[in-house]
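These are the residues of each chain, in order.
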Amino acid sequence: MPRAVSFLTALSLLVVLPLRAGAHPHEFVDTSLTFEMDAEGRLAAVHVVWHWDELMSLLTLEDLGLDPDHDGALSAEERATLAQRFSDWPEDFAGDMQLQHAGQVVALRRPHGMDVDLREGRFVLDFRRALADPIPMAGASVRLQAFDPTYFVYYDVPELPGVIGPTACDVTRITADLGAARSLYERLVGDLTEEQLMEPGQEPLVGSAFADTFVLTCPG
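None of these values were measured; they are calculated from a predicted model.

Caption draft 1: Up close: the side chain of Arg129. Along the chain, Arg129 turns up in strand β6 (residues 122-136). Look at Arg129: it is buried, it has no salt bridge, and the nearest opposite charge is Asp96 at 8.5 Å. A distance of 2.6 Å separates a polar atom in the side chain of Arg129 from the backbone oxygen of Arg109. Residues contacting Arg129, with those up to four places away along its chain left out, are Ala44, Ala45, Val46, Trp89, Ala94, Gly95, Met97, Leu108, Arg109, Arg110 and Pro111.

Listed below in structure tokens is the structure:
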């Protein structure tokens, strides 16, 4: 389970970094996103590629007892085992991604086609999230964000998402207002008592405020 693995390896960091230290992530994932349309011009899936940071990858390797010869490569058996493990998401894990259409959150299916590799000391997870109900995109738009609600993990999306399909659609980036996001974080933290600050699960869910938004718009 991606969240279970990454958070397990970072647990020691989490307990010594108090909430009031300020809103900043402790794990970093370079992210690639691609909108995939079907033959009918409907948005059918989002292709996701995660490149974990080196520390996060190293801790996970050590925690799972992988790459014992330290050659920086995974065997075919290890890759298959990890692909199955990383596809088994807990029910309450939304995949650190949110798709919206007409102001409503769009249901995405569990990851499929998961491929896991280790490249230059970093885990690379490559998978797709199919929409439960494909969206006809003629004259429509959707909004996509990649974020951890707790902002413990930061998903950087350096390149605009691509589009694969029969229709010429445009993708634009709405850059997050980091000043407003930090103000929101400080306000929500200020509403917590000292006891609440020390309790797990009390952190403000501000990850979306720190995340860029990508808008896919298709012609009518």
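Caption draft 2: Geometry of the pairing of strand β3 (residues 97-101). Both β3 and strand β7 (residues 141-146) contribute to a ladder of four bridges, which runs antiparallel. Bridge pairing in β7 links Leu99 to Leu144. In this structure, β3 lies alongside strand β4 (residues 104-105), joined through two bridges in antiparallel fashion. Opposite His101, over in β4, you have Gln104 as the bridge partner. Following β3, the chain reverses through two residues before pairing antiparallel with β4; Ala102 in that reversal takes a positive phi of roughly 55°.

Caption draft 3: Focus on the side chain of Gln145. With respect to the helices, strands and loops of the structure, Gln145 is situated in strand β7. By relative accessible area, which is 12% here, Gln145 ends up buried. In this structure the side chain of Gln145 is engaged in a polar contact, spanning 3.0 Å, whose partner is the backbone oxygen of Ser208. Reaching out from Gln145, the side chain makes a polar contact with the backbone oxygen of Ala211 at a distance of 3.1 Å. Apart from the residues within four sequence positions on either side, Gln145 is in contact with Asp96, Met97, Gln98, Ser208, Ala211, Asp212 and Thr213.

Analysis parameters
Residues numbered from 1 in each chain as written. Predicted model: local features only at pLDDT ≥ 70, side-chain atom pairs only at ≥ 80, totals over all residues. Heavy atoms only, no water. Helix = DSSP H or I, 4+ residues; strand = E, 2+ residues; numbered from the N terminus. Buried < 20%, exposed > 50% of the residue type's maximum accessible area, 1.4 Å probe, protein only. Lys, Arg positive; Asp, Glu negative; His and termini not counted. Salt bridge = Lys/Arg side-chain N within 4 Å of Asp/Glu carboxyl O. Polar contact = N/O pair within 3.5 Å; in protein donor to acceptor, adjacent residues only side chain to side chain. Contact = heavy atoms within 4.5 Å. Pairing = 2+ DSSP bridges.

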